[in-house]
Amino acid sequence: QGPNVAILGATGAVGRQMMQCLQERHFPLGELRLLASARSAGQQMCWNGRMITIQEATPESFEGIDLVLGAAENDVAERLLPHAVKAGAVVVDNSSAYRLDPEVPLVVPEVNPEDVAWNTGIIANPNCSTIIALVCLAPLDRAAGLNRVVCSTYQAASGAGMPGIEQLETENAAIVEGRKVPAPRVFPYQLAYNLIPQIGGFDAAGYTSEEMKMQNEGRKILHNDGLAVNCTCVRVPVARSHSESITVELDSPLTPDEARVVLAAAPGVRVVDDPSCREYPMPLDTSEQDLVYVGRIREDISAPEGTNGLTFWCCGDQIRKGAATNAVQIAELLL
Ligand code: 2RA
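Residues numbered from 1 in each chain as written. Predicted model: local features only at pLDDT ≥ 70, side-chain atom pairs only at ≥ 80, totals over all residues. Heavy atoms only, no water.

The name given to the chain in an unreviewed UniProt entry is Aspartate-semialdehyde dehydrogenase, with the source organism recorded as Kribbibacterium absianum. Recorded in UniProt under Catalytic activity (unreviewed entry), the annotation for the chain is "L-aspartate 4-semialdehyde + phosphate + NADP(+) = 4-phospho-L-aspartate + NADPH + H(+)". (UniProt positions renumbered as here; feature names shortened; annotations may be inferred.)

Here it is in structure tokens:
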């Protein structure tokens, strides 16, 4: 019999995916407790062939729980997760509430699994676009020393949960049927047939909170406070896989072929890189599975003389590896 597990935010896209990952990976658990808002309390969800009744998430919800997987928004996480820790549970939290807290490890299991050891009750799951990038950046860092990252992300509607996917699907249907496209409810503008270069709020320098996560979380996970990162995050009309174009400046030279060898050997990565056969990562290929696909690996022809630059393209499922699977993999490290 394994730990008693609670999922906080069980009815959202990430919470539902966490349930599926626990089942798929045969996570050894005792009780599975599903916690959500009062609105969902009393409804039932099917897990591993049995029906589980959703309970309202309150400070008292964590008695007898050993492990909490947090899939709720920041306000709920900050209000309830300290009670979970007080009740003796270890928390793996997908919200951004604790990611930069110096007392809280921020972990990608393929990159810095050893950091779970210094947790004091909460372990934070990084942002989805950070996870997808770091799974590819970490092996390059280990092989050749990573100095600088310039990254553009192409982020799926699922980053905003089921409501994000619903806005895109509603817009697509209206357009196909020749109806007026409803006013956007999740993203600032229509997403169908559009790109929106804003995820989160802007700071004084003109960067969004999403873009600064790549720098701030990347530095913490790679233990490299000097890592230079410039990120542009864009919402794209794709359902559930994020894509990223990444250019890196490395300490020592690494040819594209050498990089392919390093990445092919890296955990959690699949190299899909044969342009002559039009083989490269695409969101349709990476959705509903846990590997980050990497391709279009090439020398950075703009790199100044004497610097070592590489450019590549990667795609990963935002709900799975970008959130739920990474959290469950962290939980597996605690077993
Ligand atoms: C997004 N990364 O894509 C953010 C939160 N999941 O919207």
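Next comes the rest of the account.
**Q** Tell me about the overall build of the chain, and please be specific about residues and values.
**A** In terms of helices and strands, the chain carries eight helices and 14 strands. Its C-alpha atoms give the chain a radius of gyration of 20 Å, near enough to 20 Å, the size a compact globule of 335 residues would have. If you line up the chain on its principal axes, its C-alpha atoms span 60 × 55 × 40 Å. Taken over 335 residues, the chain has a buried fraction of 51%. (Helix = DSSP H or I, 4+ residues; strand = E, 2+ residues; numbered from the N terminus. Rg over C-alpha atoms; globule rule 2.2 N^0.38 Å. Buried < 20%, exposed > 50% of the residue type's maximum accessible area, 1.4 Å probe, protein only.)

**Q** I'd like a rundown of the environment of N94, residues and numbers included.
**A** Mapped onto the elements, N94 comes out in the loop between strand 7 (90-93) and strand 8 (122-124). What makes N94 buried here is its relative accessible area of 14%. Measuring from C-alpha to C-alpha, the distance between N94 and D257 comes to 35 Å, with 163 residues separating the pair along the chain. If sequence neighbours within four positions are ignored, N94 has contacts with V14, M18, G70, R99, N125, P126 and A323. A polar contact of 2.8 Å, which involves the side chain of N94, links it to the side chain of N125. (Contact = heavy atoms within 4.5 Å. Polar contact = N/O pair within 3.5 Å; in protein donor to acceptor, adjacent residues only side chain to side chain.)

**Q** Report on helix 1 (residues 13-24), specifying residues and quantitative values.
**A** A rise of 1.5 Å per residue sets the reference length of helix 1, with its twelve residues, at 16 Å; its end C-alpha atoms lie 16 Å apart and thus fit the reference within 8%. All of the buried residues along helix 1 are A13, V14, G15, Q17, M18, M19, C21 and L22. Where helix 1 is buried, its residues touch strand 1 (5-8), strand 2 (32-36), strand 3 (44-47), strand 6 (67-70), helix 4 (161-176) and helix 8 (320-333). Trailing helix 1 by a residue or two, H26 shows a phi angle of about 50°, which is positive. (Expected span 1.5 Å × (residues − 1).)

**Q** Just give me the short version of the site of the ligand, but keep the residues and values in it.
**A** Neighbouring the ligand are the residues N127, C128, Q155, G159, A160, I199, E210, R235, H242 and Q318. Between the ligand and N127 there is a distance of 2.9 Å, counted from a nitrogen atom to a side-chain nitrogen or oxygen. H242 places a polar side-chain atom, nitrogen or oxygen, 3.4 Å from an oxygen atom of the ligand. About the coverage of the ligand: the protein hides 80% of its 240 Å² of free accessible area. Residues belonging to the shell around the ligand are distributed by class as follows: three nonpolar, five polar and two charged. (Near = heavy atom within 4 Å. Areas by Shrake-Rupley, 256 points an atom, 1.4 Å probe, with all protein chains shown as cover. Nonpolar A, V, L, I, M, F, W, Y, C, P; charged D, E, K, R; others polar.)

**Q** Account for the nonpolar core, with residues named and values stated.
**A** V68, L137, V149, I246, V248 and F312 are the most contacted members of the largest nonpolar core, which has 56 residues in total. For this core, the element with the most residues is helix 3 (residues 128-144), which contributes ten residues. Aside from chain neighbours lying at most four places away, what touches I246 is A133, L137, V149, V150, C151, L310, T311, F312 and C314. With 30 residues, the next largest nonpolar core counts F27, A71, A327 and V328 among its residues. (Core = buried A, V, L, I, M, F, W, Y, C linked by side-chain atoms within 4.5 Å.)

**Q** Which residues make up the UniProt feature "active site" (unreviewed entry) in the chain, and what are the values?
**A** UniProt annotation of "active site" (unreviewed entry) refers to C128 and H242 when read in the numbering used here. In three dimensions, the annotated residues from a span of 115 residues occupy one location, with a maximal C-alpha spread of 8.2 Å. For C128, a relative accessible area of 9% corresponds to the buried category. When neighbours within four sequence positions are excluded, C128 is seen to be in contact with H242, Q318 and G322.

**Q** Account for the environment of P283, naming residues and giving values.
**A** With respect to the helices, strands and loops of the structure, P283 is situated in helix 7 (residues 283-286). Note on P283: relative accessible area 19%, which makes it buried. The spacing of P283 and R240 is 43 residues in sequence and 7.6 Å in space, taken between C-alpha atoms. Aside from chain neighbours lying at most four places away, what touches P283 is V238, S241, S243 and C315.

**Q** Now, about the pattern of salt bridges: what can you tell me, with residues and values included?
**A** Going through the model one piece at a time under the given rule, you end up with 13 salt bridges. In this structure, R99 and E217 form a salt bridge, with 3.3 Å as the shortest nitrogen-oxygen distance. Remark: E217 occurs in helix 5 (residues 209-221) and R99 occurs in the loop between strand 7 and strand 8; sequence separation between them is 118 residues. Judged by relative accessible area, R99 falls into the buried class, the value being 5%. Here D290 and R320 are joined by a salt bridge, their closest N and O atoms 2.9 Å apart. One end of the pair, D290, is in the loop between helix 7 and strand 13 (292-299); the other, R320, is in helix 8, and 30 residues separate them in sequence. (Salt bridge = Lys/Arg side-chain N within 4 Å of Asp/Glu carboxyl O.)

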